[in-house]
Structures are given as structure tokens and as C-alpha cells.
Amino acid sequence: MKKGIKKVLSWFFYIMGWVVGIFVGGFLLFIQPVYQLITSLIAGNLTIMMLVICIVKIFVASTVGGAIWCVFDIIAGLFREIDKND
């Protein structure tokens, strides 16, 4: 594979890791459960099960986001060029 294509693929996977990690960890597992808790509390239909599920999602949000970023960074590392002169 050509050097330019490897560099583009490396950057693509690196950026996608950030985007997907922030979307899943930041939005789906953090912002959305917090919003759901607030709206359910205001509406008066907050259940214990909903509270527990949202709390678990909030606690694991950064771990899942970081794990997703790590997987994409490993994939990007497969396309990075290693300079033999260093």
C-alpha cells in the first residue's frame, strides 16, 4: 500500500475514534441518561429501575468512550509508518 494512502487511513481511523468515542461515551451514555432522568423526574414517572440503569450508564460512559477510542487508535496504528532512522 502506498505511503500517502496509509497516512490518510491512519488519520481517518484516528479521527473516527474520537468522533465515535465522544458520541457513544459522551452523548449516548452520559448526556442522554442525564436528560432522561431530569425529564422523568419533572414528569413524575421516574422509576427505581430507570434510575439504576441511568446511573450505571453514567458511571461507565467514560470507560466505554475511552475503550472505543483505543480500538480505533490501534487500527490507526496499523497504518502508521514507522521511521527506521529514529
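Residues numbered from 1 in each chain as written. Predicted model: local features only at pLDDT ≥ 70, side-chain atom pairs only at ≥ 80, totals over all residues. Heavy atoms only, no water.

This brings us to the overall build of the protein chain. Across its full length, the protein chain carries two helices and zero strands. Taken over C-alpha atoms, the radius of gyration comes to 19 Å for the protein chain, far larger than the 12 Å a tight globule of 86 residues would show. With respect to the three principal axes, the spread of C-alpha positions in the protein chain is 65 × 15 × 15 Å. Counting only residues that meet the buried cut, the protein chain has 19% of its 86 residues in that class. In the protein chain, once contacts between residues fewer than 6 apart in sequence are set aside, the share between residues at least 24 apart is 74%. (Helix = DSSP H or I, 4+ residues; strand = E, 2+ residues; numbered from the N terminus. Rg over C-alpha atoms; globule rule 2.2 N^0.38 Å. Buried < 20%, exposed > 50% of the residue type's maximum accessible area, 1.4 Å probe, protein only. Contact = heavy atoms within 4.5 Å.)

This part is about helix α1 (residues 3–43). Helix length check: α1, at 41 residues, gives a terminal C-alpha distance of 57 Å against a target of 60 Å (1.5 Å per residue), a fit within 8%. The set of residues buried in α1 consists of Ser10, Phe13, Gly17, Gly21, Val24, Gly25, Leu29, Pro33, Leu37 and Ser40. For α1, the elements touching its buried residues are α2 (48–79). Gly44 sits one or two residues past α1 and shows a positive phi near 85°. (Expected span 1.5 Å × (residues − 1).)

Inspection of every chain in the model, using the stated rule, returns one salt bridge. Across the pair Arg80 and Asp73 runs a salt bridge whose closest N-O atoms are separated by 2.8 Å. Residue classification places Arg80 among the partly exposed positions, given a relative accessible area of 38%. (Salt bridge = Lys/Arg side-chain N within 4 Å of Asp/Glu carboxyl O.)

Where nonpolar side chains cluster on the molecular surface, the patch consists of Ile48, Val52, Ile55, Val56, Phe59 and Val60 and spans about 570 Å² of accessible area. In this structure, Ile55 sits in helix α2. Overall, the relative accessible area of 35% leaves Ile55 in the partly exposed class. (Patch = residues over 30% accessible without salt bridge, like charges linked within 9 Å, V, L, I, M, F, W, Y side chains within 5 Å. Areas by Shrake-Rupley, 256 points an atom, 1.4 Å probe, with all protein chains shown as cover.)

Right, let's talk about α2 for a bit. The end-to-end C-alpha distance of α2 is 47 Å, a good match for the 46 Å that 32 residues give at a rise of 1.5 Å each. Bending of α2 peaks at approximately 45° at the position of Val60. Considering only its buried residues, α2 is in contact with α1. (Bend = angle between axes of the 7 residues up to and from the residue.)

Just geometry here; none of it tells us what the structure is for.
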